[in-house]
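# Coordinates in review
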Amino acid sequence: PYEVLYALPEASATPNVKHARGWRLDDQSKDEIIAVARGVGRRAASPVCTTCTENQGGHLDNGFHAGMLATVVTPSDDTNPAIISVSRVEPSSQAEPFCGVNGA
């Protein structure tokens, strides 16, 4: 499955490790996340984004962030993060976090 990373807290991050494995996505959720990322991706980015659709603004060159509402469908184990099914996904950023927008 496709995996979602999360940013480590500053105290846990190192110069070479800033993210960790967060969740794995079921196939439908993977397709939804990719569609949102392609929608906010800018075609004229460097390097050129050949799969970007720009149908959600097309303003992002790199560093895609998204907020998700999801349900765990398979718990994590000693090796892998939990698999989730996403019911809502929206692009977000540090300046406009998903949780702040949605009041959760």
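Provided above is the structure to which this section pertains.
An account of the accompanying structure is given in this report. (Residues numbered from 1 in each chain as written. Predicted model: local features only at pLDDT ≥ 70, side-chain atom pairs only at ≥ 80, totals over all residues. Heavy atoms only, no water.)

## A word on the state of the cysteines
Inclusion rule: Our working definition of a disulfide is a cysteine sulfur pair at a distance within 2.5 Å. To sort residues, take the accessible area from a 1.4 Å probe on protein chains only and compare it with the maximum for the residue type: under 20% means buried, over 50% means exposed, and anything in between is partly exposed.
One pass over the full model with this rule turns up one disulfide. Between the sulfur of Cys49 and that of Cys52 lies a disulfide, 2.0 Å long from S to S. Around the S-S axis, the bridge from Cys49 to Cys52 shows a dihedral of about 90° and counts as right-handed. Across the pair, exposure class does not vary: Cys49 and Cys52 are buried alike.

## Structural notes on the side chain of Ser29
We count it as follows: The way it works is that DSSP assigns letters per residue, a run of H or I at least four long becomes a helix, a run of E at least two long becomes a strand, and they are numbered from the N terminus. Polar contacts here mean pairs of N or O atoms no more than 3.5 Å apart (in protein, one a potential hydrogen donor and the other a potential acceptor; neighbouring residues in sequence count only if both atoms are side-chain atoms).
Relative to the assigned elements, Ser29 resides in helix H1 (residues 27–40). We classify Ser29 as buried; its relative accessible area is 1%. Within the structure, the side chain of Ser29 is placed 2.7 Å from the backbone nitrogen of Val86, a separation counted as a polar contact.

## What to know about the sheet that holds strand S1 (residues 2–7)
This is how the line gets drawn: When DSSP finds two or more bridges between two strands, those strands count as paired. Between N-to-C directions, angles span 0 to 180 degrees; the directions come from axes that are lines fitted to C-alpha atoms, helices contributing only their stretch in contact. Contact between two residues is taken to exist if any of their heavy atoms lie within 4.5 Å; hydrogens are not considered.
Here four strands make up an open sheet; going across it, the order is S1-S2-S4-S3 and the pairing mixed. With partners counted over all chains shown, the strands left at the sheet margins are S1 and strand S3 (65–74), one partner each. If you compare each strand with its neighbour and ignore which way they point, the axes differ by 35° on average. Taken together, the six bridges between S1 and strand S2 (residues 19–25) define a ladder with antiparallel strand orientation. Looking at the pairing, Leu5 lines up with Arg21 of S2. Packed on one face of the sheet, H1 meets S1, S2, S3 and strand S4 (83–92) and runs near 10° to S4.

Take it as geometry only, folks, not as evidence of what the structure does.
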